[in-house]
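Fold and geometry: a report
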Amino acid sequence: MVNFHILALSVLLALPFPIAARVEKAFLQNSPQILRELMTSEGTIPVSLPEPLSLADQLSPDQAYLVFGRIFSVFKTTEFTTDPQLSALPGLPGGILKARWSFRNERTGDQYPFRVYFFVVPERLPPSAGKPGPVIALKIVEIRAEKL
């Protein structure tokens, strides 16, 4: 029975996830609104971004919306690609979505490449009209980045 669960999890983690396309869309369109929709509504989200963004804090989803709105107003995305497969963490639900984010400072013209890691977990969504039963979606619960 355990082998079946491991096999099923391996197959699921090998498939491309819709969240990857939505994260790409949020960054390519410099849209804090789309990114906000992908974040958990349960608690705060640790966000750690190196220079020149210099951010390390626990943010509510609304605070993250405001922070990324400010980031996207100054730094415009020039490239954003995700690895469509999640990396699993042993013993934890969800996984890590990896991406490469390059952006340009609109004021100075300087460009910066980052490797970004989004920790995503399954979250039960409130029932909606027309959809029977519980709906589960992957939501971002942590964002970390490093300079390349």
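Please read these numbers as outputs of a predicted model, since none were measured by experiment. (Residues numbered from 1 in each chain as written. Predicted model: local features only at pLDDT ≥ 70, side-chain atom pairs only at ≥ 80, totals over all residues. Heavy atoms only, no water.)

**Let's talk about helix H4 (residues 61–74)**
- Across its 14 residues, H4 extends 20 Å between first and last C-alpha, which sits within 8% of the 20 Å expected from 1.5 Å per residue.
- Residues Pro-61, Ala-64, Phe-68, Ile-71, Phe-72 and Val-74 constitute the buried set of H4. The arc enclosing the buried residues of H4, seen along the axis, measures out at 160°, which places them on a common side. Seen from the open side of H4, the exposed residues pointing more than 90 degrees away from its buried face are Asp-62, Leu-66 and Arg-70. (Helix = DSSP H or I, 4+ residues; strand = E, 2+ residues; numbered from the N terminus. Expected span 1.5 Å × (residues − 1). Buried < 20%, exposed > 50% of the residue type's maximum accessible area, 1.4 Å probe, protein only. Arc of directions from axis to C-beta.)

**Digging into the pairing of strand E2 (residues 55–59)**
- The sheet contact formed by strand E1 (residues 45–49) and E2 spans five bridges and is antiparallel. In the sheet register, Ile-45 faces E2, and the bridge partner there is Leu-59.
- The loop that links E1 with its antiparallel partner E2 comprises five residues; one of these, Ser-54, has a positive phi angle of about 45°. (Pairing = 2+ DSSP bridges.)

**A few points about helix H2 (residues 18–28)**
- All of the buried residues along H2 are Ile-19, Ala-20, Val-23, Ala-26 and Phe-27. Seen end-on, H2 carries its buried residues on one side only, within an arc spanning 125°.
- Where H2 is buried, its residues contact helix H3 (32–37), H4, strand E3 (75–82), strand E5 (95–105), strand E6 (111–125) and strand E7 (135–147).
- Downstream of H2 by a residue or two, Asn-30 has a phi angle that is positive, lying close to 50°. (Contact = heavy atoms within 4.5 Å.)

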